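Commentary on secondary and tertiary structure
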Amino acid sequence: MNRKFFSVPHLFKILFLLGLAVIVHFAYVTSFVFILGADYENTLNPRNYTDYVALSPFISLSTILLADFLQMPRFFRKKNIDVVSQTLYFTFIQTLITISLKDLMDKRAFPRSVIVLSFVILIVYVFIWEMICCLISHRLYKNGELVIIGTNDTTMNEIANKIFPSLKGLDLELSKKIKFTDTAEVRNAIRRNAEVFICPDVPADSKSDIIMRCAKQNTVTYLVPQFFEISLYKSRMINFNDMMVFMLDRLTLSFEQRMVKRIFDVIVSVIALIITFPVILISMLIIKITSPGPAMFTQTRVTQDMKEFTIYKLRTMRLDAEAATGAIISGKDDPRVTAFGKFLRRSKIDELPQLWNVIKGDMSIVGPRAERPVFVKQFNEEISGYSQRFSVKAGITGLAQVAGNYDTTPQDKLRYDLLYIKNYSLLQDLKIMFMTVRAVFSPHLYNNLFRANDVAAEMYVADSPNDNKKKETSKNSSLSSQLIDKIIDKSIEDGKPMPDSKPQ
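Residues numbered from 1 in each chain as written. Predicted model: local features only at pLDDT ≥ 70, side-chain atom pairs only at ≥ 80, totals over all residues. Heavy atoms only, no water.

1. Details of the overall build of the chain
Heads up, the rule is: Strands are runs of DSSP state E lasting at least 2 residues, helices are runs of H or I lasting at least 4, and numbering of each runs from the N terminus. Residue burial is assigned from relative accessible area. The probe radius is 1.4 Å, only protein chains are included, and a residue is buried under 20% of its type maximum, exposed over 50%, and partly exposed in between. Residues are treated as being in contact if the distance between any of their heavy atoms lies within 4.5 Å. Reported accessibility uses the Shrake-Rupley method at a 1.4 Å probe radius. Residues are deemed covered only where the shown protein chains occlude them.
When its secondary structure is counted, the chain shows 18 helices and 10 strands. Counting only residues that meet the buried cut, the chain has 45% of its 504 residues in that class. Pairs at least 24 apart in sequence give 73% of the contacts found in the chain among residues at least 6 apart. Looking at the chain as shown, the accessible area adds up to about 27200 Å², and 62% of this sits on carbon and sulfur atoms.

Take a look at the structure:
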(Lines give C-alpha, C1' and ligand atoms only; values in the text may rest on other atoms or scores of the structure.)
Protein backbone atom coordinates (compact mmCIF):
# COMPACT_ATOMS: atom_id res chain seq x y z
CA MET A 1 0.00 0.00 0.00
CA ASN A 2 1.31 3.43 -0.92
CA ARG A 3 1.52 5.87 1.96
CA LYS A 4 2.39 9.54 1.73
CA PHE A 5 5.43 10.46 3.78
CA PHE A 6 4.03 13.95 4.31
CA SER A 7 0.39 15.02 4.13
CA VAL A 8 -1.96 17.75 5.32
CA PRO A 9 -2.73 15.89 8.62
CA HIS A 10 1.03 15.60 9.22
CA LEU A 11 1.47 19.34 8.69
CA PHE A 12 -1.46 19.96 11.02
CA LYS A 13 0.22 17.95 13.80
CA ILE A 14 3.42 19.99 13.43
CA LEU A 15 1.43 23.22 13.60
CA PHE A 16 -0.37 21.92 16.67
CA LEU A 17 2.93 21.31 18.50
CA LEU A 18 4.31 24.72 17.55
CA GLY A 19 1.04 26.37 18.51
CA LEU A 20 1.09 24.53 21.84
CA ALA A 21 4.56 25.96 22.59
CA VAL A 22 3.20 29.44 21.89
CA ILE A 23 0.18 28.73 24.12
CA VAL A 24 2.46 27.70 27.00
CA HIS A 25 4.47 30.93 26.80
CA PHE A 26 1.28 32.95 26.46
CA ALA A 27 0.11 31.39 29.73
CA TYR A 28 3.35 32.43 31.47
CA VAL A 29 3.10 35.98 30.11
CA THR A 30 -0.54 36.16 31.26
CA SER A 31 0.59 35.04 34.70
CA PHE A 32 3.31 37.73 34.74
CA VAL A 33 0.68 40.38 33.99
CA PHE A 34 -1.59 39.16 36.82
CA ILE A 35 1.24 38.95 39.37
CA LEU A 36 3.47 41.90 38.46
CA GLY A 37 1.19 44.13 36.40
CA ALA A 38 1.40 45.33 32.81
CA ASP A 39 4.91 46.73 33.39
CA TYR A 40 6.29 43.31 34.34
CA GLU A 41 9.51 43.83 32.29
CA ASN A 42 10.55 46.85 34.38
CA THR A 43 9.75 45.73 37.89
CA LEU A 44 11.94 46.30 40.94
CA ASN A 45 13.74 43.08 40.01
CA PRO A 46 14.09 42.94 36.19
CA ARG A 47 15.57 39.45 36.47
CA ASN A 48 12.09 38.13 37.21
CA TYR A 49 11.32 38.29 33.50
CA THR A 50 14.82 37.94 32.01
CA ASP A 51 15.33 34.62 33.81
CA TYR A 52 12.09 33.38 32.27
CA VAL A 53 13.27 34.51 28.81
CA ALA A 54 16.53 32.58 29.33
CA LEU A 55 14.52 29.45 30.13
CA SER A 56 12.01 29.87 27.29
CA PRO A 57 13.90 27.78 24.66
CA PHE A 58 14.10 24.85 27.07
CA ILE A 59 10.45 25.28 28.03
CA SER A 60 9.52 25.20 24.33
CA LEU A 61 11.56 22.05 23.73
CA SER A 62 10.11 20.26 26.76
CA THR A 63 6.61 21.28 25.67
CA ILE A 64 7.01 19.66 22.26
CA LEU A 65 8.66 16.50 23.61
CA LEU A 66 6.11 16.07 26.39
CA ALA A 67 3.14 16.65 24.06
CA ASP A 68 4.53 14.06 21.66
CA PHE A 69 5.10 11.59 24.53
CA LEU A 70 1.48 12.02 25.68
CA GLN A 71 0.30 11.62 22.05
CA MET A 72 -1.50 14.95 22.16
CA PRO A 73 -1.11 15.54 18.38
CA ARG A 74 -2.95 12.28 17.69
CA PHE A 75 -6.49 13.44 16.96
CA PHE A 76 -7.64 10.27 15.20
CA ARG A 77 -10.73 8.98 17.07
CA LYS A 78 -9.97 11.25 20.03
CA LYS A 79 -12.82 11.84 22.49
CA ASN A 80 -13.45 14.87 24.71
CA ILE A 81 -12.57 12.93 27.86
CA ASP A 82 -9.18 12.14 26.29
CA VAL A 83 -8.64 15.87 25.76
CA VAL A 84 -9.37 16.52 29.44
CA SER A 85 -6.99 13.79 30.60
CA GLN A 86 -4.16 14.88 28.32
CA THR A 87 -4.60 18.51 29.36
CA LEU A 88 -4.31 17.69 33.05
CA TYR A 89 -1.35 15.33 32.58
CA PHE A 90 0.47 17.82 30.35
CA THR A 91 -0.11 20.82 32.62
CA PHE A 92 1.00 19.01 35.76
CA ILE A 93 4.15 17.50 34.25
CA GLN A 94 5.12 20.66 32.34
CA THR A 95 4.84 22.72 35.52
CA LEU A 96 7.15 20.29 37.34
CA ILE A 97 9.61 20.46 34.43
CA THR A 98 9.62 24.27 34.53
CA ILE A 99 10.28 24.31 38.27
CA SER A 100 13.12 21.80 37.81
CA LEU A 101 14.68 23.80 34.97
CA LYS A 102 14.43 26.96 37.05
CA ASP A 103 16.47 25.41 39.85
CA LEU A 104 18.90 23.37 37.73
CA MET A 105 19.85 26.37 35.56
CA ASP A 106 20.00 28.73 38.56
CA LYS A 107 17.26 31.03 37.24
CA ARG A 108 15.77 31.50 40.67
CA ALA A 109 14.51 35.03 39.99
CA PHE A 110 11.76 33.49 37.85
CA PRO A 111 8.94 33.87 40.45
CA ARG A 112 7.35 30.70 41.78
CA SER A 113 4.09 32.64 42.14
CA VAL A 114 4.05 33.11 38.36
CA ILE A 115 4.59 29.38 37.81
CA VAL A 116 1.83 28.42 40.26
CA LEU A 117 -0.70 30.79 38.67
CA SER A 118 0.35 29.68 35.19
CA PHE A 119 -0.62 26.11 36.16
CA VAL A 120 -4.27 27.15 36.37
CA ILE A 121 -4.07 29.33 33.26
CA LEU A 122 -2.36 26.55 31.32
CA ILE A 123 -5.24 24.17 31.99
CA VAL A 124 -7.66 26.62 30.38
CA TYR A 125 -5.44 27.63 27.45
CA VAL A 126 -4.29 24.11 26.57
CA PHE A 127 -7.82 22.70 26.79
CA ILE A 128 -9.18 25.41 24.48
CA TRP A 129 -6.30 24.89 22.02
CA GLU A 130 -6.84 21.11 21.95
CA MET A 131 -10.59 21.45 21.44
CA ILE A 132 -10.09 23.90 18.57
CA CYS A 133 -7.63 21.50 16.93
CA CYS A 134 -10.03 18.59 17.46
CA LEU A 135 -12.74 20.47 15.60
CA ILE A 136 -10.32 21.26 12.77
CA SER A 137 -9.17 17.63 12.59
CA HIS A 138 -12.77 16.52 12.01
CA ARG A 139 -12.60 18.53 8.78
CA LEU A 140 -9.26 17.05 7.74
CA TYR A 141 -10.12 13.39 8.23
CA LYS A 142 -12.74 11.85 5.99
CA ASN A 143 -15.35 9.57 7.51
CA GLY A 144 -13.96 6.06 7.65
CA GLU A 145 -15.66 2.97 6.31
CA LEU A 146 -16.37 0.32 8.95
CA VAL A 147 -16.88 -3.35 8.13
CA ILE A 148 -18.20 -5.86 10.66
CA ILE A 149 -16.81 -9.39 10.40
CA GLY A 150 -18.65 -12.16 12.26
CA THR A 151 -20.00 -15.68 12.09
CA ASN A 152 -23.69 -15.07 11.39
CA ASP A 153 -26.20 -12.32 10.60
CA THR A 154 -27.77 -12.37 14.07
CA THR A 155 -24.51 -11.66 15.89
CA MET A 156 -23.40 -9.04 13.37
CA ASN A 157 -26.76 -7.24 13.57
CA GLU A 158 -26.54 -7.17 17.37
CA ILE A 159 -23.04 -5.68 17.16
CA ALA A 160 -24.19 -3.15 14.55
CA ASN A 161 -27.08 -1.98 16.73
CA LYS A 162 -24.82 -1.75 19.76
CA ILE A 163 -22.06 0.32 18.15
CA PHE A 164 -24.26 2.49 15.91
CA PRO A 165 -24.72 5.35 18.44
CA SER A 166 -20.93 5.77 18.68
CA LEU A 167 -20.15 5.85 14.96
CA LYS A 168 -20.96 9.52 14.35
CA GLY A 169 -18.69 10.71 17.15
CA LEU A 170 -15.87 8.57 15.76
CA ASP A 171 -16.37 9.75 12.15
CA LEU A 172 -17.23 6.25 10.98
CA GLU A 173 -19.85 4.94 8.57
CA LEU A 174 -20.97 1.32 8.67
CA SER A 175 -20.76 -0.04 5.13
CA LYS A 176 -21.40 -3.78 5.32
CA LYS A 177 -21.37 -6.97 7.36
CA ILE A 178 -19.23 -9.88 6.15
CA LYS A 179 -19.06 -13.47 7.37
CA PHE A 180 -15.50 -14.49 8.25
CA THR A 181 -15.85 -17.54 5.99
CA ASP A 182 -16.18 -15.24 2.96
CA THR A 183 -12.41 -14.77 2.67
CA ALA A 184 -12.55 -12.96 -0.67
CA GLU A 185 -14.86 -10.24 0.69
CA VAL A 186 -12.81 -9.93 3.87
CA ARG A 187 -9.59 -9.47 1.90
CA ASN A 188 -11.20 -6.91 -0.43
CA ALA A 189 -12.42 -4.85 2.52
CA ILE A 190 -8.96 -4.90 4.10
CA ARG A 191 -7.26 -3.94 0.82
CA ARG A 192 -9.41 -0.83 0.42
CA ASN A 193 -8.48 0.19 3.97
CA ALA A 194 -11.95 -0.24 5.44
CA GLU A 195 -11.68 -0.31 9.23
CA VAL A 196 -12.52 -3.76 10.56
CA PHE A 197 -14.63 -4.69 13.60
CA ILE A 198 -14.13 -8.35 14.56
CA CYS A 199 -17.06 -9.92 16.44
CA PRO A 200 -16.17 -11.85 19.59
CA ASP A 201 -17.54 -15.13 18.19
CA VAL A 202 -15.01 -15.31 15.33
CA PRO A 203 -12.76 -18.38 15.89
CA ALA A 204 -9.31 -17.63 17.28
CA ASP A 205 -7.39 -18.88 14.22
CA SER A 206 -9.53 -16.85 11.80
CA LYS A 207 -9.29 -13.81 14.08
CA SER A 208 -5.51 -14.10 14.09
CA ASP A 209 -5.43 -14.32 10.30
CA ILE A 210 -7.65 -11.23 9.88
CA ILE A 211 -5.52 -9.21 12.32
CA MET A 212 -2.35 -10.24 10.49
CA ARG A 213 -3.77 -9.14 7.13
CA CYS A 214 -4.94 -5.83 8.62
CA ALA A 215 -1.44 -5.23 10.02
CA LYS A 216 0.11 -5.78 6.58
CA GLN A 217 -2.27 -3.23 5.03
CA ASN A 218 -2.03 -0.76 7.97
CA THR A 219 -5.76 -1.15 8.48
CA VAL A 220 -7.38 -0.10 11.75
CA THR A 221 -8.88 -3.09 13.61
CA TYR A 222 -11.40 -3.17 16.46
CA LEU A 223 -11.43 -6.23 18.70
CA VAL A 224 -13.66 -7.22 21.60
CA PRO A 225 -11.10 -8.67 24.04
CA GLN A 226 -11.49 -12.02 25.72
CA PHE A 227 -10.15 -12.75 29.18
CA PHE A 228 -6.71 -13.91 28.06
CA GLU A 229 -6.34 -10.86 25.80
CA ILE A 230 -7.11 -8.50 28.69
CA SER A 231 -4.49 -10.39 30.72
CA LEU A 232 -1.91 -9.50 28.07
CA TYR A 233 -2.59 -5.77 28.51
CA LYS A 234 0.49 -4.05 29.95
CA SER A 235 2.10 -7.42 30.62
CA ARG A 236 5.82 -7.56 31.43
CA MET A 237 8.26 -8.80 28.81
CA ILE A 238 11.11 -10.96 30.06
CA ASN A 239 13.68 -13.18 28.38
CA PHE A 240 14.22 -16.88 28.92
CA ASN A 241 17.66 -17.07 27.35
CA ASP A 242 16.97 -15.66 23.86
CA MET A 243 13.21 -16.33 23.90
CA MET A 244 10.83 -13.41 24.42
CA VAL A 245 8.08 -14.17 26.93
CA PHE A 246 5.12 -12.19 28.29
CA MET A 247 4.74 -12.64 32.02
CA LEU A 248 1.07 -12.45 33.02
CA ASP A 249 1.19 -11.14 36.57
CA ARG A 250 -1.50 -11.73 39.18
CA LEU A 251 -4.74 -9.94 38.37
CA THR A 252 -4.90 -7.96 41.59
CA LEU A 253 -3.46 -4.85 43.21
CA SER A 254 -0.03 -4.85 44.78
CA PHE A 255 0.45 -4.10 48.48
CA GLU A 256 1.56 -0.54 47.69
CA GLN A 257 -1.44 0.04 45.41
CA ARG A 258 -3.87 -1.30 48.03
CA MET A 259 -2.32 0.94 50.69
CA VAL A 260 -2.48 4.09 48.51
CA LYS A 261 -6.02 3.28 47.41
CA ARG A 262 -7.20 2.72 51.00
CA ILE A 263 -5.68 5.99 52.24
CA PHE A 264 -7.23 7.84 49.30
CA ASP A 265 -10.63 6.20 49.91
CA VAL A 266 -10.70 7.09 53.60
CA ILE A 267 -9.63 10.72 53.08
CA VAL A 268 -12.11 11.34 50.24
CA SER A 269 -14.98 9.52 52.00
CA VAL A 270 -14.54 11.31 55.34
CA ILE A 271 -14.43 14.72 53.65
CA ALA A 272 -17.36 13.89 51.35
CA LEU A 273 -19.45 12.49 54.22
CA ILE A 274 -18.86 15.57 56.37
CA ILE A 275 -19.83 17.87 53.49
CA THR A 276 -22.90 15.87 52.43
CA PHE A 277 -24.15 14.81 55.89
CA PRO A 278 -26.71 17.66 56.07
CA VAL A 279 -27.99 16.67 52.62
CA ILE A 280 -28.37 13.04 53.74
CA LEU A 281 -30.26 14.06 56.90
CA ILE A 282 -32.61 16.40 55.03
CA SER A 283 -33.23 13.71 52.39
CA MET A 284 -34.03 11.12 55.08
CA LEU A 285 -36.50 13.53 56.69
CA ILE A 286 -38.26 14.17 53.36
CA ILE A 287 -38.43 10.42 52.66
CA LYS A 288 -40.10 9.82 56.04
CA ILE A 289 -42.60 12.63 55.42
CA THR A 290 -43.48 11.70 51.82
CA SER A 291 -43.43 7.90 52.04
CA PRO A 292 -44.15 5.43 54.89
CA GLY A 293 -41.31 3.15 55.86
CA PRO A 294 -37.61 3.44 56.72
CA ALA A 295 -35.59 6.20 55.12
CA MET A 296 -32.54 3.97 54.69
CA PHE A 297 -32.46 1.05 52.26
CA THR A 298 -30.17 -1.89 53.07
CA GLN A 299 -29.31 -4.96 51.02
CA THR A 300 -26.73 -7.73 50.98
CA ARG A 301 -24.04 -7.33 48.33
CA VAL A 302 -20.73 -9.02 47.50
CA THR A 303 -17.30 -7.37 47.59
CA GLN A 304 -13.63 -8.46 47.56
CA ASP A 305 -12.92 -12.19 48.02
CA MET A 306 -16.66 -12.95 47.72
CA LYS A 307 -17.29 -11.39 51.12
CA GLU A 308 -20.90 -10.41 51.73
CA PHE A 309 -21.72 -7.06 53.36
CA THR A 310 -24.68 -4.76 53.96
CA ILE A 311 -24.88 -1.82 51.57
CA TYR A 312 -26.59 1.44 52.60
CA LYS A 313 -28.66 3.67 50.32
CA LEU A 314 -31.49 6.15 50.68
CA ARG A 315 -34.81 4.49 49.86
CA THR A 316 -36.26 5.65 46.54
CA MET A 317 -39.15 3.17 46.14
CA ARG A 318 -42.34 2.81 48.08
CA LEU A 319 -42.29 0.26 50.89
CA ASP A 320 -44.53 -2.31 49.15
CA ALA A 321 -42.72 -2.04 45.82
CA GLU A 322 -42.39 -5.81 45.33
CA ALA A 323 -45.66 -6.91 46.96
CA ALA A 324 -47.66 -7.27 43.74
CA THR A 325 -45.07 -8.50 41.27
CA GLY A 326 -42.26 -10.08 43.26
CA ALA A 327 -38.85 -9.66 41.66
CA ILE A 328 -38.92 -6.98 39.00
CA ILE A 329 -36.24 -4.92 37.30
CA SER A 330 -36.53 -1.17 37.63
CA GLY A 331 -37.20 0.72 34.41
CA LYS A 332 -36.76 4.33 33.33
CA ASP A 333 -40.26 5.41 34.40
CA ASP A 334 -40.83 2.85 37.16
CA PRO A 335 -44.18 3.64 38.89
CA ARG A 336 -42.84 2.15 42.14
CA VAL A 337 -40.30 4.97 42.50
CA THR A 338 -41.57 7.81 44.66
CA ALA A 339 -41.64 11.39 43.39
CA PHE A 340 -38.77 12.35 45.69
CA GLY A 341 -37.05 9.08 44.87
CA LYS A 342 -36.81 10.13 41.23
CA PHE A 343 -34.93 13.23 42.28
CA LEU A 344 -32.63 11.21 44.55
CA ARG A 345 -31.82 8.79 41.74
CA ARG A 346 -31.25 11.49 39.17
CA SER A 347 -28.93 13.46 41.47
CA LYS A 348 -27.29 10.26 42.84
CA ILE A 349 -27.90 11.53 46.38
CA ASP A 350 -29.31 8.07 47.20
CA GLU A 351 -25.77 6.68 46.77
CA LEU A 352 -24.18 8.96 49.40
CA PRO A 353 -24.67 6.60 52.40
CA GLN A 354 -22.29 4.19 50.66
CA LEU A 355 -19.50 6.51 51.78
CA TRP A 356 -19.95 4.87 55.19
CA ASN A 357 -19.39 1.48 53.51
CA VAL A 358 -16.10 2.86 52.16
CA ILE A 359 -14.99 4.11 55.59
CA LYS A 360 -15.85 0.71 57.13
CA GLY A 361 -13.69 -0.98 54.50
CA ASP A 362 -16.46 -2.88 52.69
CA MET A 363 -16.17 -0.79 49.53
CA SER A 364 -13.91 1.58 47.63
CA ILE A 365 -14.75 4.86 45.90
CA VAL A 366 -13.90 3.27 42.54
CA GLY A 367 -14.21 -0.42 41.72
CA PRO A 368 -16.49 -3.06 40.18
CA ARG A 369 -20.19 -2.70 40.95
CA ALA A 370 -21.35 -4.38 44.17
CA GLU A 371 -23.68 -7.16 42.99
CA ARG A 372 -26.20 -9.27 44.89
CA PRO A 373 -25.20 -12.82 45.87
CA VAL A 374 -27.86 -14.35 43.62
CA PHE A 375 -26.44 -12.51 40.62
CA VAL A 376 -22.87 -13.41 41.54
CA LYS A 377 -23.72 -17.10 41.78
CA GLN A 378 -25.47 -17.06 38.39
CA PHE A 379 -22.78 -15.06 36.59
CA ASN A 380 -20.03 -17.23 38.01
CA GLU A 381 -21.71 -20.22 36.38
CA GLU A 382 -22.39 -18.48 33.07
CA ILE A 383 -19.35 -16.24 32.48
CA SER A 384 -15.79 -17.48 32.38
CA GLY A 385 -13.44 -15.39 34.54
CA TYR A 386 -16.25 -13.58 36.38
CA SER A 387 -14.76 -14.41 39.79
CA GLN A 388 -11.63 -12.40 38.92
CA ARG A 389 -13.49 -9.13 39.43
CA PHE A 390 -13.61 -9.86 43.16
CA SER A 391 -9.86 -9.47 43.55
CA VAL A 392 -10.58 -5.84 44.52
CA LYS A 393 -13.28 -4.16 46.60
CA ALA A 394 -16.59 -3.20 45.08
CA GLY A 395 -16.92 0.50 44.27
CA ILE A 396 -19.52 3.25 44.48
CA THR A 397 -18.63 4.04 40.88
CA GLY A 398 -16.43 2.26 38.37
CA LEU A 399 -15.18 1.99 34.82
CA ALA A 400 -18.06 -0.29 33.82
CA GLN A 401 -20.60 2.24 35.13
CA VAL A 402 -19.16 5.30 33.38
CA ALA A 403 -18.14 3.56 30.15
CA GLY A 404 -21.16 1.27 29.76
CA ASN A 405 -24.89 1.77 29.29
CA TYR A 406 -27.81 0.57 31.38
CA ASP A 407 -28.27 -2.44 29.08
CA THR A 408 -24.58 -3.34 28.86
CA THR A 409 -24.27 -7.12 29.14
CA PRO A 410 -22.58 -8.70 32.17
CA GLN A 411 -19.85 -9.98 29.84
CA ASP A 412 -19.06 -6.46 28.63
CA LYS A 413 -19.17 -5.08 32.16
CA LEU A 414 -16.72 -7.79 33.20
CA ARG A 415 -14.30 -6.67 30.47
CA TYR A 416 -14.33 -3.13 31.87
CA ASP A 417 -13.88 -4.41 35.42
CA LEU A 418 -10.92 -6.60 34.49
CA LEU A 419 -9.34 -3.80 32.48
CA TYR A 420 -9.73 -1.47 35.47
CA ILE A 421 -7.97 -3.95 37.76
CA LYS A 422 -5.23 -4.62 35.22
CA ASN A 423 -4.68 -0.92 34.58
CA TYR A 424 -5.21 0.42 38.11
CA SER A 425 -3.63 3.72 39.09
CA LEU A 426 -4.63 6.61 41.31
CA LEU A 427 -4.85 8.80 38.21
CA GLN A 428 -7.31 6.35 36.67
CA ASP A 429 -9.46 6.54 39.81
CA LEU A 430 -9.45 10.34 39.59
CA LYS A 431 -10.41 10.16 35.91
CA ILE A 432 -13.34 7.82 36.65
CA MET A 433 -14.48 10.09 39.49
CA PHE A 434 -14.37 13.06 37.12
CA MET A 435 -16.42 11.15 34.54
CA THR A 436 -18.90 10.24 37.28
CA VAL A 437 -19.43 13.86 38.33
CA ARG A 438 -19.65 14.90 34.70
CA ALA A 439 -22.37 12.32 34.02
CA VAL A 440 -24.39 13.40 37.08
CA PHE A 441 -24.55 16.97 35.80
CA SER A 442 -25.21 15.94 32.19
CA PRO A 443 -28.76 14.62 31.69
CA HIS A 444 -28.02 13.00 28.33
CA LEU A 445 -25.03 11.20 29.85
CA TYR A 446 -27.06 10.15 32.86
CA ASN A 447 -29.59 8.37 30.68
CA ASN A 448 -26.87 6.26 29.08
CA LEU A 449 -24.13 5.97 31.68
CA PHE A 450 -25.91 5.72 34.98
CA ARG A 451 -28.93 3.53 34.38
CA ALA A 452 -26.76 0.62 35.56
CA ASN A 453 -26.88 2.04 39.08
CA ASP A 454 -30.67 2.34 38.97
CA VAL A 455 -31.49 -1.01 37.43
CA ALA A 456 -31.85 -3.76 40.04
CA ALA A 457 -30.74 -1.36 42.77
CA GLU A 458 -33.74 -2.28 44.89
CA MET A 459 -34.62 -5.72 43.52
CA TYR A 460 -35.71 -8.57 45.73
CA VAL A 461 -35.22 -12.06 44.32
CA ALA A 462 -36.24 -13.93 47.46
CA ASP A 463 -37.42 -17.52 47.21
CA SER A 464 -41.20 -17.79 46.92
CA PRO A 465 -43.35 -20.68 48.20
CA ASN A 466 -44.86 -20.84 44.73
CA ASP A 467 -41.51 -21.46 43.04
CA ASN A 468 -42.26 -25.17 42.69
CA LYS A 469 -45.23 -24.28 40.48
CA LYS A 470 -43.12 -22.27 38.07
CA LYS A 471 -41.74 -23.67 34.89
CA GLU A 472 -38.22 -25.03 34.96
CA THR A 473 -35.67 -22.61 33.58
CA SER A 474 -33.20 -23.84 30.97
CA LYS A 475 -29.64 -24.24 32.22
CA ASN A 476 -28.37 -22.29 29.24
CA SER A 477 -30.67 -19.29 29.70
CA SER A 478 -29.28 -16.01 31.01
CA LEU A 479 -30.13 -14.51 34.38
CA SER A 480 -32.11 -11.72 32.69
CA SER A 481 -34.26 -14.32 30.91
CA GLN A 482 -34.87 -16.17 34.17
CA LEU A 483 -35.93 -12.96 35.90
CA ILE A 484 -38.28 -12.05 33.05
CA ASP A 485 -39.85 -15.52 33.19
CA LYS A 486 -40.28 -15.17 36.93
CA ILE A 487 -41.98 -11.79 36.54
CA ILE A 488 -44.36 -13.13 33.86
CA ASP A 489 -45.28 -16.18 35.94
CA LYS A 490 -45.86 -14.09 39.05
CA SER A 491 -48.07 -11.66 37.10
CA ILE A 492 -50.15 -14.53 35.68
CA GLU A 493 -50.59 -16.08 39.13
CA ASP A 494 -51.77 -12.78 40.60
CA GLY A 495 -53.97 -11.99 37.61
CA LYS A 496 -52.23 -8.65 37.10
CA PRO A 497 -50.71 -7.12 33.96
CA MET A 498 -47.00 -7.36 33.55
CA PRO A 499 -45.23 -4.06 34.29
CA ASP A 500 -43.61 -2.20 31.43
CA SER A 501 -39.93 -2.42 32.25
CA LYS A 502 -36.71 -3.08 30.43
CA PRO A 503 -34.23 -5.72 31.53
CA GLN A 504 -30.73 -4.73 32.47
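From this point, the discussion proceeds with the structure in view.
2. Side note on a nonpolar patch on the surface
Just so we agree on the cut-off: Patch criteria: residues need more than 30% relative accessible area and no salt bridge. Like-charged residues are merged within 9 Å; nonpolar side chains of Val, Leu, Ile, Met, Phe, Trp and Tyr are merged within 5 Å. A carboxyl oxygen of Asp or Glu within 4 Å of a side-chain nitrogen of Lys or Arg is what we treat as a salt bridge.
Judged by side-chain polarity, Val8, Val124, Phe127, Ile128, Ile132, Ile136 and Leu140 come together as a nonpolar surface patch covering roughly 550 Å² of accessible area. In terms of residue count, helix H4 (residues 112-140) provides more of the nonpolar patch than any other element does, 6 residues in total. Secondary-structure assignment places valine 124 in helix H4.

3. Thoughts on unusual backbone geometry
Phi at asparagine 218 takes a positive value of approximately 55 degrees, unusual for a residue other than glycine. You can see asparagine 218 is positioned in the loop between helix H7 (204-216) and strand E4 (221-223). You can call asparagine 218 partly exposed: its relative accessible area is 44%. You will see that aspartate 305, though not glycine, has its phi angle at about 60 degrees, which is positive. Tracing the backbone through its elements, the reader meets aspartate 305 in the loop between strand E7 (296-302) and strand E8 (308-314).

4. Observations regarding the sheet that holds strand E3 (residues 195-198)
Filter applied, for reference: Between any two strands, at least two bridges found by DSSP are needed for them to pair. For helices, the fitted line uses only the C-alpha atoms of the stretch in contact; every axis is such a line through C-alpha atoms, and the angle between N-to-C directions lies from 0 to 180 degrees.
Taken in spatial order, the 4 strands make up an open sheet running E2-E1-E3-E4, and their pairing is parallel. In the strand order of this sheet, the two ends are held by strand E2 (172-179) and E4, each with one partner. The sheet shows a mean angle of 25 degrees between the axes of neighbouring strands, direction not considered. Relative to E4, E3 runs parallel, the two sharing 3 bridges.

5. Some remarks on the packing of aromatic side chains
For any pair of aromatic rings, geometry is given as the distance between the ring centres together with the angle between the planes. Here is the rule: Geometry of aromatic contacts follows a simple scheme: Phe, Tyr and Trp rings, the Trp one being its six-membered ring, pair when their centres are within 6.5 Å, and the pair is stacked under 30 degrees between planes, edge-to-face over 60, tilted otherwise.
Summed over the entire model, instances satisfying the criterion amount to 16 aromatic pairs. Residues phenylalanine 375 and phenylalanine 379 carry aromatic rings whose centres are separated by 6.2 Å and whose planes lie at 35 degrees to one another, so their mutual orientation is tilted. Of the two residues, phenylalanine 375 and phenylalanine 379 are both situated in helix H12 (residues 373-382); the distance of 4 residues between them amounts to about one turn of the helix. In this structure, phenylalanine 375 and phenylalanine 379 share a single accessibility class: buried. Plain terms: the ring middles of tyrosine 386 and phenylalanine 390 are 5.9 Å apart, the flat faces sit at 70 degrees to each other, and that makes the pair edge-to-face.

6. Concerning the pattern of salt bridges
Per the counting criterion, the structure on display carries 14 salt bridges. Residue aspartate 103 pairs with arginine 112 through a salt bridge whose shortest N-O separation is 3.4 Å. Classification of arginine 112 by relative accessible area gives partly exposed; the value is 45%. The salt bridge partner of aspartate 350 is lysine 313, with a shortest N-O separation of 3.6 Å. Here aspartate 350 is found in the loop between helix H10 (339-347) and helix H11 (354-360), whereas its partner lysine 313 is found in strand E8, with 37 residues between them in sequence. Neither residue differs from the other here; aspartate 350 and lysine 313 are each classed as buried. Shared partners join several salt bridges into a network, and the residues in it are Lys313, Lys348, Asp350 and Glu351.

7. So, helix H6 (residues 183-191)
Put simply, the rule is: As used here, the arc is the angular range of directions from the helix axis to the C-beta atoms.
Taken together, the buried positions of H6 are Val186, Ala189 and Ile190. Seen end-on, H6 carries its buried residues on one side only, within an arc spanning 100 degrees. As for H6, its buried residues are in contact with strand E1 (144-150), E2, E3 and H7. Trailing H6 by a residue or two, asparagine 193 shows a phi angle of about 65 degrees, which is positive.

8. Describing the pairing of strand E6 (residues 243-247)
By the bridge criterion, 5 bridges tie strand E5 (residues 236-240) to E6 in an arrangement that is antiparallel. Within E6, the position partnered with isoleucine 238 by the bridge is valine 245. The turn linking E5 back onto E6 is made up of 2 residues, and asparagine 241 within it adopts a positive phi angle of 60 degrees.

9. With respect to the environment of isoleucine 210
Positionally, isoleucine 210 belongs in helix H7. Taking the C-alpha atoms as reference, isoleucine 210 lies 8.9 Å from valine 196; in sequence the two are 14 residues apart. With residues near it in sequence (within four places) discarded, isoleucine 210 still touches Ile149, Phe180, Val186, Ile190, Val196 and Ile198.

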